[in-house]
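# Examining the three-dimensional arrangement
Okay, here's what each chain looks like letter by letter:
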Amino acid sequence: LFKQIISYDIVKLGLLAFFINFIIECCSRRSIFEGLKYLGGRPLVFIYNALLIMLTLTIALLCKRRAFALTVISTVWIGFGVVNGIVLSNRVTPFTAVDFTMIKSGLELAKTYMSMWQLVLIFIGFAALIVSYIAVFVYVPKLKGKVKYKRALITIFSVAIILSVYTKTCLSSNLLSGYFGNIADAYLEYGFPYSFTNTLINTGI
């Protein structure tokens, strides 16, 4: 029975999103123990963030190269989590959408905040990521048969509706907040995926 349940795309994406979110929170807190503590202390918020990640993963259902699409989306999320952990090691405020507008300045100051071996490791990491993308694209087989677009769209809209209802419920019950009085505390309390997504919409000082 378990094998039959686990075969469904929605369950697989849910488990993958849960795993990705756990890695992200461990990176943000720079501790596996703190990641587990967050999971146990705020399980409803953790599930919400996993659901948010899951919605982005459902886009892969529209692709024939599903494994490649999932790899790209997953590594982007995990990459953001790793970047947030690195940023928090050098400053008080976490990684936000506004940081994308300061990439040029950040590259110029990279040598000031990071040692040469750290920069080399980052370069090697990017190179390995690109090689892995190419390997997955070339060697992992495409989906056999036609993409079931109707089924995929139903799944995407279903997850979107669930997320929308869950968002309203969490906001009304104060599990989440649309306003961050202290952005560093907000990231720790509400999780990286929601907080980072919030900075894409609500910009300011």
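Residues numbered from 1 in each chain as written. Predicted model: local features only at pLDDT ≥ 70, side-chain atom pairs only at ≥ 80, totals over all residues. Heavy atoms only, no water.

### Let's talk about the overall build of the chain
What the chain contains, in helices and strands, is 10 helices and zero strands. For the chain, the N- to C-terminal ordering of α and β elements is α-α-α-α-α-α-α-α-α-α. A total of 205 residues make up the chain; the buried ones form 34% of that total. Contacts in the chain between residues at least 24 apart in sequence constitute 70% of all its contacts with a sequence separation of at least 6. Put simply, the chain shows about 12700 Å² of open surface, and 73% of that area lies on carbon and sulfur atoms. (Helix = DSSP H or I, 4+ residues; strand = E, 2+ residues; numbered from the N terminus. Buried < 20%, exposed > 50% of the residue type's maximum accessible area, 1.4 Å probe, protein only. Contact = heavy atoms within 4.5 Å. Areas by Shrake-Rupley, 256 points an atom, 1.4 Å probe, with all protein chains shown as cover.)

### Thoughts on the packing of helix α4 (residues 43-57) against helix α5 (residues 66-88)
At a closest axis distance of 10 Å, the pairing of α4 and α5 adopts a crossing angle of 145°. Crossing geometry of α4 relative to α5 is assigned as right-handed. On α5, the residues that touch Ile53, Thr56 and Leu57 of α4 are Leu70, Ile73, Ser74 and Trp77. (Axes fitted to C-alpha atoms, helices over the stretch in contact; angles between N-to-C directions. Left-handed = near helix turned anticlockwise from the far one by under 90°.)

### Topic: the pattern of salt bridges
Counted under the stated rule, the structure contains two salt bridges. Residue glutamate 25 pairs with arginine 29 through a salt bridge whose shortest N-O separation is 2.3 Å. Taken together, the residues span about one helical turn, with glutamate 25 and arginine 29 both in helix α2 (residues 9-29) at a distance of four residues. By relative accessible area, arginine 29 is classed as buried at 14%. (Salt bridge = Lys/Arg side-chain N within 4 Å of Asp/Glu carboxyl O.)

### What to know about the packing of α2 against α5
Look at α2 against α5: their axes get within 8 Å of each other, and the N-to-C directions meet at 20°. Classified by the angle between their axes, α2 and α5 sit roughly parallel to one another. Relative to α5, the crossing made by α2 is right-handed. When α2 is examined against α5, the residues Asp9, Leu13, Leu16, Ile20, Ile23, Ile24, Cys27 and Ser28 are found in contact with a partner set consisting of Arg66, Leu70, Ser74, Trp77, Ile78, Gly81, Val82, Asn84, Gly85 and Leu88. When the residues that make up the contact of α2 with α5 are grouped by side-chain class, the tally is 11 nonpolar, five polar and two charged. (Parallel < 35°, antiparallel > 145°, perpendicular 65-115°, else oblique. Nonpolar A, V, L, I, M, F, W, Y, C, P; charged D, E, K, R; others polar.)

### Focus: the nonpolar core
In this structure, Tyr48, Ile53, Leu57 and Leu176 are the most contacted members of the largest nonpolar core, which totals 36 residues. For this core, the secondary-structure elements that each account for two or more residues are α2, α4, α5, α8 (149-172), α9 (183-190) and α10 (192-201). The leading source of residues in this core is α4, at eight residues. The residues touching isoleucine 53, leaving out its near neighbours within four places in the chain, are Ala17, Ile20, Asn21, Ile24, Trp77 and Pro193. (Core = buried A, V, L, I, M, F, W, Y, C linked by side-chain atoms within 4.5 Å.)

### Remarks on a nonpolar patch on the surface
Taken together, Met116, Trp117, Val120, Leu121, Phe123 and Ile124 make up a surface patch of nonpolar side chains, about 680 Å² in accessible area. Checked against the element boundaries, isoleucine 124 lands in helix α7 (residues 116-139). (Patch = residues over 30% accessible without salt bridge, like charges linked within 9 Å, V, L, I, M, F, W, Y side chains within 5 Å.)

### Comments concerning the side chain of threonine 155
Along the polypeptide, threonine 155 turns up in helix α8. Engagement of the side chain of threonine 155 in a polar contact is seen with the backbone oxygen of arginine 151, the distance being 2.9 Å. Contact partners of threonine 155, with chain neighbours within four places excluded, come to Ile10, Thr58 and Leu61. (Polar contact = N/O pair within 3.5 Å; in protein donor to acceptor, adjacent residues only side chain to side chain.)

### So, the packing of aromatic side chains
Enumeration over the complete set of coordinates arrives at 14 aromatic pairs. Ring centres of phenylalanine 95 and phenylalanine 196 lie 5.3 Å apart, and the angle between their planes is 20°; this geometry places the pair in the stacked category. With phenylalanine 95 in the loop between α5 and α6 (103-113) and phenylalanine 196 in helix α10, the pair connects residues that are 101 residues apart, well separated along the chain. For phenylalanine 196, a relative accessible area of 4% corresponds to the buried category. Taken together, the aromatic side chains of Tyr48, Tyr166, Phe180, Tyr190 and Tyr194 make up a single cluster linked through ring pairs. Over the ring of tyrosine 38 we find arginine 29, and its NZ or CZ is 3.9 Å from the ring centre. (Phe/Tyr/Trp six-rings, centres within 6.5 Å; stacked < 30°, edge-to-face > 60°. Lys NZ or Arg CZ within 6 Å of the ring centre and 35° of its normal.)

### Some remarks on α2
An α-helix turns once every 3.6 residues. As a result, residues three or four positions apart point the same way. Here α2 spans 30 Å end to end across 21 residues, near enough to the 30 Å set by a 1.5 Å rise per residue. For α2, the set of buried residues is Leu13, Ala17, Ile20, Asn21, Phe22, Ile24, Glu25, Cys26, Ser28 and Arg29. Phi turns positive, to about 55°, at arginine 30, one or two residues after α2. (Expected span 1.5 Å × (residues − 1).)

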